[in-house]
Amino acid sequence: MTSKGPEEEHPSVTLFRQYLRIRTVQPKPDYGAAVAFLEERARQLGLSCQKVEVAPGYVVTVLTWPGTNPTLSSILLNSHTDVVPVFKEYWSHDPFEAFKDSEGYIYARGAQDMKCISIQYLEAVRRLKVEGHQFPRTIHMTFVPDEEVGGHQGMELFVQRPEFQVLRAGFALDEGLANPTDAFTVFYSERSPWWVRITSTGRPGHGSRFIEDTAAEKLHKVVSSILAFREKEWQRLQSNPHLKEGAVTSVNLTKLEGGVAYNVVPATMSASFDFRVAPDVDLKAFEEQLQSWCQAAGEGVTFEFGQKWTQPQVTPTDDSNPWWAAFSGVCKDLNLTLEPEICPAATDSRYLRAVGVPALGFSPMNRTPVLLHDHDERLHEAVFLRGVDIYTHLLPALASVPALPSES
Ligand SMILES: CSCC[C@H](NC=O)C(=O)O
Ligand SMILES: [Zn+2]
Ligand SMILES: [Zn+2]
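Predicted, not measured: the structure shown is a model, and the values here were computed from it.

### Section: the coordination of the zinc ion (ligand 2)
Point 1. Surrounding the zinc ion (ligand 2) are the protein donor atoms H80 (NE2), D113 (OD), E175 (OE) and E175 (OE), which sit 1.9 to 2.7 Å from the metal.
Point 2. Taken together, the four donor atoms surrounding the zinc ion (ligand 2) define angles of 53 to 151 degrees at the centre, an arrangement classified as irregular.
Point 3. Counting gaps between the donor residues of the zinc ion (ligand 2) yields the pattern H-x32-D-x61-E.
Point 4. In this model, the zinc ion (ligand 2) sits 3.3 Å from the zinc ion (ligand 3), the two metals being bridged by D113. Of this pair, D113 sits in the loop between β5 (105-107) and α3 (115-130) while E175 sits in the loop between β7 (169-174) and β8 (184-190), and the two are 62 residues apart along the sequence.

Listed below in structure tokens is the structure:
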């Protein structure tokens, strides 16, 4: 399916490259251009297009292909429209040009995360419609803003809206990760992001003196406790070949703040940590642990949250879950090897799962290095087109799952 020159490029690849050129890059994404692009897709596909402004300037675009049995819950195909910033000087090609090299690799921010998937959904639906198919369940494609900065002005608000209730989502697909091997990664849960800022206060004074009870000394103690915990989790991961990254809790020290001059001992210093808490962790006990690390460091050490997710959910990956049975059944028929895992990072799936919608994180990219958020993010056009094929098989199965006990 690889095409060589632009004149023989597959139209789905051309569309993908057009979408990649829209600069929906944080922190100032051009959402207007993305919404206009999606409205035009809806028009071309003969699908209804609803725009839900969840916050001023933040529009969720919903394209709907109605099913034949409106009593059944629907399939939600979710993708976010924003992409992360770039360090342009490290790229081999302009990250918003969607350059395709002679081998067929498409270079662009969003090539993996996750503009590929938006277009794959659209192209799979187009193909199935053209072939005259109709399925019992309605398929909604949701294109949401703001995911890359936490989804607080996107999916988090959307799931609380009446427009979301009306969709009656029974099951959702969302993003996953590329897999460098022959297998495909699928996420059934994710770790909870806890962004924690620890502030230490202590006695100030002249930098030449042996001052006791300084902010720095106490902050150092907490940092040591947390980094020791990090090491323990890292060792746990390293020593057990059955554990994948998402199954342990990670933490990184990502910010240190404080101080005004070399010779002034500051009264306040802070350290910020990005924790990703595994879904089997008792969150109450974990917060108590944070508390006790701070207390052990001395007086005047406190913490606050920049992000605190407390509703981790797991979508079952056994045949008791009819959605999993349909999804994995198709993969089996297509001879795709699945590697079910817990997503190490956070996606909009957490908001969906938290309101009771089972969700799988799946980006159909195998034999592809994980380049999301990285320099030279790229995807081979053949892998992209194979992804369209895969969705072309997944959608009929998912949209034909018979009525669940709760639906009859
Ligand atoms: C925790 S809100 C930020 C969400 C972000 N998601 C994708 O990279 C992440 O850092 O996982
Ligand atoms: Zn993403
Ligand atoms: Zn991302």
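### Thoughts on the pattern of salt bridges
Point 1. Tallied over the full model, the rule gives 20 salt bridges.
Point 2. A salt bridge links R197 to E257; its shortest N-O distance comes to 3.5 Å. In this pair, R197 is assigned in strand β9 (residues 192-201) and E257 in strand β11 (residues 250-258), connecting sequence segments 60 residues apart.
Point 3. On the basis of relative accessibility, which here comes to 34%, the residue R197 falls in the partly exposed class.
Point 4. For E287, the salt bridge is made with K308, and the minimal N-O distance between the two is 2.7 Å. One end of the pair, E287, is in helix α7 (residues 283-297); the other, K308, is in strand β14 (residues 301-308), and 21 residues separate them in sequence.
Point 5. For K308, a relative accessible area of 36% gives the class partly exposed.

### Some thoughts on the sheet that holds β9
Point 1. Taken together, four strands build an open sheet; the order of strands is β11-β13-β9-β14 and the sheet is antiparallel. Of all strands in the sheet, those bounded by a partner on one side alone are β11 and β14. Adjacent strand axes in the sheet meet at a mean angle of 20 degrees when their direction is disregarded.
Point 2. Pairing between β11 and strand β13 (residues 268-277): eight bridges, direction antiparallel. Looking across to β13, one finds that N252 is bridged to D274.
Point 3. Of the strands in this sheet, β9, β11, β13 and β14 touch helix α6 (residues 215-239), which is tilted by about 15 degrees from β13.
Point 4. Of the strands in this sheet, β9, β13 and β14 are in contact with α7, which crosses β14 at around 145 degrees.

### Quick word on the packing of helix α2 (residues 31-45) against α3
Point 1. At a closest axis distance of 11 Å, the pairing of α2 and α3 adopts a crossing angle of 10 degrees. Here α2 lies roughly parallel to α3, going by the angle between them. Each of F37, L38, R41 and L45 in α2 lies in contact with α3, whose residues at this interface are I119, L122, E123, R126 and K129.
Point 2. Among the residues making up the contact of α2 with α3, the classes are represented as five nonpolar, no polar and four charged.

### Here's the deal with the coordination of the zinc ion (ligand 3)
Point 1. For the zinc ion (ligand 3), the full set of protein donor atoms is D113 (OD), E148 (OE), E148 (OE) and H373 (NE2), and the range of their distances to it is 2.0 to 2.4 Å.
Point 2. Considering all four donor atoms around the zinc ion (ligand 3), the spread of angles at the metal, 57 to 142 degrees, places the coordination shape in the irregular class.
Point 3. Expressed as a motif, the donor residue spacing for the zinc ion (ligand 3) is D-x34-E-x224-H.
Point 4. Here H373 falls in the partly exposed class, since its relative accessible area comes to 43%.

### Considering the UniProt feature "active site" (unreviewed entry) in the protein
Point 1. In the numbering used here, UniProt assigns the "active site" (unreviewed entry) feature to D82 and E147. In sequence the annotated residues extend across 66 residues, while in space they remain close, none of their C-alpha pairs exceeding 6.8 Å.
Point 2. You can see D82 is positioned in the loop between β3 (74-80) and β4 (99-100).
Point 3. What makes D82 buried here is its relative accessible area of 0%.
Point 4. Ignoring sequence-local partners within four residues, the contact set of D82 consists of T24, Q26, P29, Y31, V144, P145, D146, E147, E148 and V149.
Point 5. At 2.7 Å, the side chain of D82 forms a polar contact with the side chain of Q26.

### Details of the UniProt feature "binding site: Zn(2+) 2" (unreviewed entry) in the protein
Point 1. The positions UniProt marks with the feature "binding site: Zn(2+) 2" (unreviewed entry) are D113, E148 and H373. A maximum C-alpha distance of 9.9 Å among these annotated residues, which run over 261 residues, shows that they cluster at one spot.
Point 2. With near-sequence residues (within four places) excluded, D113 lies in contact with H80, V83, E148, E175, L372, H373 and E377.
Point 3. For D113, the side chain forms a polar contact with the side chain of H80, separated by 3.0 Å.
Point 4. Mapped onto the elements, H373 comes out in the loop between β16 (359-362) and β17 (378-380).
Point 5. There is a polar contact of 3.2 Å between the side chain of H373 and the side chain of E148.

### Observations regarding helix α1 (residues 11-20)
Point 1. Among the ten residues of α1, seven are classified as buried, and the element is accordingly described as predominantly covered.
Point 2. Within α1, the full set of buried residues consists of S12, V13, L15, F16, R17, Y19 and L20.
Point 3. Packing partners of the buried residues in α1 comprise α2, β4, β5, α3, β17 and α10 (381-398).

### Some details on the pairing of strand β6 (residues 139-144)
Point 1. Here β6 lies mainly inside the structure; six of its six residues are buried.
Point 2. Two strands pair when backbone bridges link them, and strand β2 (residues 58-65) and β6 are joined in this way by five bridges, in the antiparallel orientation. Paired with L63 across the two strands is M141, which belongs to β6.
Point 3. As defined by bridge partners, β3 adjoins β6 across six bridges and the pair is classed as parallel. Within β6, the position partnered with L76 by the bridge is H140.

Conventions we followed
Residues numbered from 1 in each chain as written. Chains lettered and ligands numbered in written order. Predicted model: local features only at pLDDT ≥ 70, side-chain atom pairs only at ≥ 80, totals over all residues. Heavy atoms only, no water. Donors = N, O, S within 2.8 Å, 3.2 Å for Na, K, Ca; no water. Tetrahedral: all angles 85-135°; square planar, octahedral: opposite > 155°, others 65-115°. Helix = DSSP H or I, 4+ residues; strand = E, 2+ residues; numbered from the N terminus. Salt bridge = Lys/Arg side-chain N within 4 Å of Asp/Glu carboxyl O. Buried < 20%, exposed > 50% of the residue type's maximum accessible area, 1.4 Å probe, protein only. Pairing = 2+ DSSP bridges. Axes fitted to C-alpha atoms, helices over the stretch in contact; angles between N-to-C directions. Contact = heavy atoms within 4.5 Å. Parallel < 35°, antiparallel > 145°, perpendicular 65-115°, else oblique. Nonpolar A, V, L, I, M, F, W, Y, C, P; charged D, E, K, R; others polar. UniProt positions renumbered as here; feature names shortened; annotations may be inferred. Polar contact = N/O pair within 3.5 Å; in protein donor to acceptor, adjacent residues only side chain to side chain.

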